[in-house]
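# Structural description and commentary
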Amino acid sequence: MSNPLLSREVHKRANSVKLKGRILFLTEDPELIRRQLAGEDLAWDTKNPANNPKLRDDISTDEITPAHICFFFDETLGEFPYTGLKCGSELPIKRSDVKKGGFIAAVSGKRRGKGSSREQSPYAELSAGIQLVIAENIERIYKQNCQNLGVLTSTDFTLIDCIRRGEEIPLEVFTRGEDEITRQVIEYGGLFPFNVARMQGKVTIPAIDTKQRPMTVTEKIFARHMISPEGKTGIPAVKPGDSGFARTDLRFSHEYVTPMAAIFYEHFVGKDAPVNDRSSIIFFRDHLTFLDEVLSEEKRKMGLLDLATQLKLKQQNFAQAQGIRLHGELKDRKGSEGICHSIVAESYALPGQLNVGSDSHTPHVGAVGCVAFGIGTTDVFNSWITKDVRVRVPESVKVIIRGKRRPNVTAKDYILKLLAMDYIRSGKALAKVMEYSGEAIEELGVDERATMCNMAAEIGGFTGIVAPDRKVMDFLVERRKMPRAEADKLIVGLHSDPDAQYAHVIEMDAAEIYPMIATPGDPGNGKYIRDLNTPVPVEIAYGGTCTAGKNEDMDMYAAVLNNALQQGQRVAPSVQFYIQFGSQETREYCVRKGYLDVFQRAGAKVIEPSCGACINAGPGVSTRPDQVVISAQNRNFPGRSGPGQMYLASPLTVAASAIAGYITEYEPAEQRELVEA
């Protein structure tokens, strides 16, 4: 496999770059964007930013390349960047607008590239001619995907003037402040040419010489997995900022990413070249199994259903050729074996491991006490060659939730409360580890902890983790049938040292938190349900996805619906309530517990496992802009799950609202009786 790579020519970029072309300012005002697309170059005052139009903040990858655009996995993507960008209530950018406009740079505000890890977004920008992205701050995975592809990134707005004056810009401007490895990746124009140079001995991987120090649980796991210059796995200690390559225990991808990665691999490495350690690679067909039920006629005419089928077939064929395990579609009914995060948590991830996946919600399995994080397509295909990934040890934020929670409050309410905090909304937690602790976290089961870790992605964090304890041991024994002594051995030493250092500490009192709702547009738009000024009627209630399709989530849906049946109530006539399992294991759990009967009698519609509505690809999506949805999923970015108004909430709140017909807190029967008394 390595011979053709060892002889492949690879060169560094020039020491300076000259960007010739126009600059696209992604403003909140749709008219200003239309004027730019028509040929006008906006004046921009870099010395007095207050004089400029307001730039769009929080541009998600869903807006750069909406989900259905990701069915393309070649340079056709260059016709579509920013087609999902919402400015006010409008979508001002249409197909081919950016490519025709001759733009070489795109400028926006805070938290650019948040959300999904899809590398299709920067690849679409690159294919449309965008060579430089400028923003106030940039999300970790999106930034790394840009670097991997050779797209330059910066937070320096004075570059606008340099470009317009036609100046040469030193490459050092883009590498300044980066670690040694990232600097070299940028200099070589991307991760693959850098890795080829690495194999050929042309680049230096600096040794990590951090002395023994108090470490967080995440730092301890990184230290166990970092590769020394001699090629050995494991070093004595790490600190934030240390960079290198880390050996992975598990690498996984799904049908949105595997095909593009496979094409890269076959093109650059060879169709007959075996991947490195296929036994630690897993593929999933989990995103698009219900797509045909919701795809509009307009999108069908674009050939998108056929393209989605090609994604499935490409992954299937590559898996078969390489002998890689594929968790695919069901043979006897519609649906999948399960969502990647659900299955990895149930069947694969172990305490102390380092796992990577082609999805921003890979941190989900931090609930079992491993370090898990999302990577892009280029990282995926490079990991098939090297079995390692480039990392810079992140800082950690410690979240301590003390006390005892209210009976109608869940992990989802905790995370929505965190997301509404200024520290997180302002981007200060970007690329940091969210380490959850405190009595209220310890009281949560592994499934609920997974919700906290999963939604570290919405925080913009590097990952989320809970130090493994007896709850994790019980999970491994009960769900994996692992001998208790073996489970006990796995968690030894996996805790943060008492004097470990944190970038920030957030403390919360569980007793002061009430059921939350995130209003449409962003998961950070959190408020207490009791603070809603008027009742909000809902048409669709959705319970499912990796975040809310686990066993404990099903316990919650069943508790609310069973309670409603006892009161002579069912799902409100005005509401369609969908419950979708995260995996077949969870479906079987519901069968054993008798939940399917409860769901059916209460009027909920049960769906086999798939990402479904969360990725705008299954029942539960909205179809009209005025349609109100309450969902237990993790994201409500514009257009993420249809054109409607989506509110995020806990499984308890979603089920209670489905019964009531409007957004409401769930009141457990015992609590209601106490109030009535």
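As shown above, the structure is provided for reference.
Let me begin by describing the structure that accompanies this report. This is a predicted model, so every value here is computed, not measured.

Before going further, it helps to spend a moment on the nonpolar core. Core analysis: the largest hydrophobic core is formed by 141 residues, its most contacted members being Phe222, Phe373, Trp384, Tyr436 and Met452. Considering every element that reaches this core, the biggest residue donor is helix H17 (residues 411-419), with six residues. In this view, tryptophan 384 contacts Arg251, Ser253, Thr258, Ala261, Ala262, Tyr265, Val275, Asn276, Ile281, Phe283 and Phe318; residues no more than four positions away in its chain are not counted.

Turning our attention to the pairing of strand E3 (residues 103-107). Among the five residues of E3, five are classified as buried, and the element is accordingly described as predominantly covered. Looking at chain direction, strand E2 (residues 22-25) and E3 are connected through four bridges and run parallel. Bridge assignment links isoleucine 23 to a residue of E3, and that residue is alanine 105. Across three bridges, E3 lies against strand E4 (residues 132-134) in parallel orientation. Paired with alanine 106 across the two strands is valine 133, which belongs to E4. For the handedness criterion, the β-α-β arrangement of E3, helix H5 (residues 120-127) and E4 is classed as right-handed.

Glancing now at the sheet that holds strand E15 (residues 433-437). Strand order in the open sheet made by the four strands is E16-E15-E14-E17, with parallel pairing throughout. The open sheet is flanked by strand E16 (463-465) and strand E17 (504-509), the only strands paired with a single partner. On average, adjacent strands in this sheet sit at an angle of 20° to one another, irrespective of strand direction. Bridge count between E15 and E16: three bridges; the pairing is parallel. Along E16, the bridge assignment pairs glutamate 435 with isoleucine 465. Strand contacts of H17: strand E14 (396-402), E15 and E17, with the helix running at about 130° to E17, the strand carrying the most contacts.

Summed over all chains, the structure comprises 47 salt bridges. Note that glutamate 40 and arginine 35 form a salt bridge whose closest N and O atoms lie 2.9 Å from each other. Between glutamate 329 and lysine 312 there is a salt bridge, with the nearest N and O atoms lying 3.3 Å from each other. Of the two residues, glutamate 329 is situated in the loop between strand E10 (325-327) and helix H15 (340-348) and lysine 312 in helix H14 (residues 304-322); the sequence distance between them amounts to 17 residues. What you see here is one network of salt bridges that share partners, running through Lys12, Glu180, Arg183 and Glu187.

On to empty space enclosed by the protein, then. Evaluated as defined, the whole model comprises six cavities of 30 Å³ or more. Empty space within the largest cavity amounts to approximately 230 Å³. Looking at the largest cavity, it is lined by 22 residues, and the ones nearest its centre are His254, His287, Asp359, Ile615 and Arg640. Looking at the lining of the largest cavity residue by residue, the class counts come to seven nonpolar, eleven polar and four charged.

With the rule as written, the count across this model stands at 23 aromatic pairs. For the pair phenylalanine 264 and phenylalanine 381, a centre-to-centre distance of 5.7 Å together with 65° between the ring planes defines the contact as edge-to-face. Of the two residues, phenylalanine 264 is situated in helix H12 (residues 258-268) and phenylalanine 381 in helix H16 (residues 377-386); the sequence distance between them amounts to 117 residues. Like phenylalanine 381, phenylalanine 264 is buried. One aromatic cluster in this structure is built from Tyr123, Phe192, Phe264, Phe268 and Phe381. A cation over a ring is seen here: arginine 198 above phenylalanine 245, with NZ or CZ 3.7 Å from the ring centre.

Looking now at the layout of surface pockets. As a volume, the largest pocket reaches approximately 1000 Å³. As for the largest pocket, its lining consists of 42 residues, of which His68, Leu91, Lys299, Asn616 and Pro643 are closest to the centre. Only helix H13 (297-301) and strand E21 (576-580) provide two or more residues apiece to the lining of the largest pocket. Broken down by class, the residue content of the lining of the largest pocket amounts to 20 nonpolar, 13 polar and nine charged.

Reading the values: the criteria
Per chain, the residues get numbers from 1 upward, laid out in the order the sequence is written. Selection of residues for local features in this predicted model requires a pLDDT of at least 70, selection of side-chain atom pairs for listing and counting requires 80 or more, and totals for whole chains, interfaces and linings are taken over all residues. Excluding hydrogens and water, the side-chain values take into account all heavy atoms of the structure. For our purposes a nonpolar core is just a set of buried Ala, Val, Leu, Ile, Met, Phe, Trp, Tyr and Cys residues, chained together by side-chain atoms within 4.5 Å. Throughout this description, buried means an accessible area under 20% of the type-specific maximum (1.4 Å probe, protein chains only), exposed means over 50%, and partly exposed covers the range between. The helix count covers DSSP runs of H or I at least four residues long, the strand count covers runs of E at least two residues long, and both are numbered beginning at the N terminus. In what follows, residue pairs with any heavy atoms lying within 4.5 Å of each other are defined as contacts. Each pair of strands is called paired provided DSSP finds at least two bridges between the two strands. Call a crossover right-handed when, viewed with both strands pointing away from you, the route from the first strand across the helix to the second goes clockwise. A fitted line through C-alpha atoms represents every axis, and for helices the fit uses only the stretch in contact; the resulting angles, taken between N-to-C directions, go from 0 to 180 degrees. Each reported salt bridge corresponds to a side-chain nitrogen of Lys or Arg within 4 Å of a carboxyl oxygen of Asp or Glu. Cavity: a set of points on a 1 Å grid over the protein atoms alone where a 1.4 Å probe fits but cannot get out. Pocket: an open set with protein on both sides within 12 Å along at least five of seven lines, its lining residues, like those of a cavity, having an atom within 4 Å of a point. Grid points are joined across faces, edges and corners, and a volume is the space filled by probe spheres set on the points. Each residue gets one of three labels, nonpolar for Ala, Val, Leu, Ile, Met, Phe, Trp, Tyr, Cys and Pro, charged for Asp, Glu, Lys and Arg, and polar for the others, Gly among them. Here is the rule: rings of Phe, Tyr and Trp (six-membered ring for Trp) pair when centre to centre is within 6.5 Å. Planes less than 30 degrees apart are stacked, more than 60 are edge-to-face, and the remainder are tilted. Throughout this description, the term charge over a ring refers to an Arg CZ or Lys NZ atom that lies within 6 Å of the ring centre and within 35 degrees of the ring normal.

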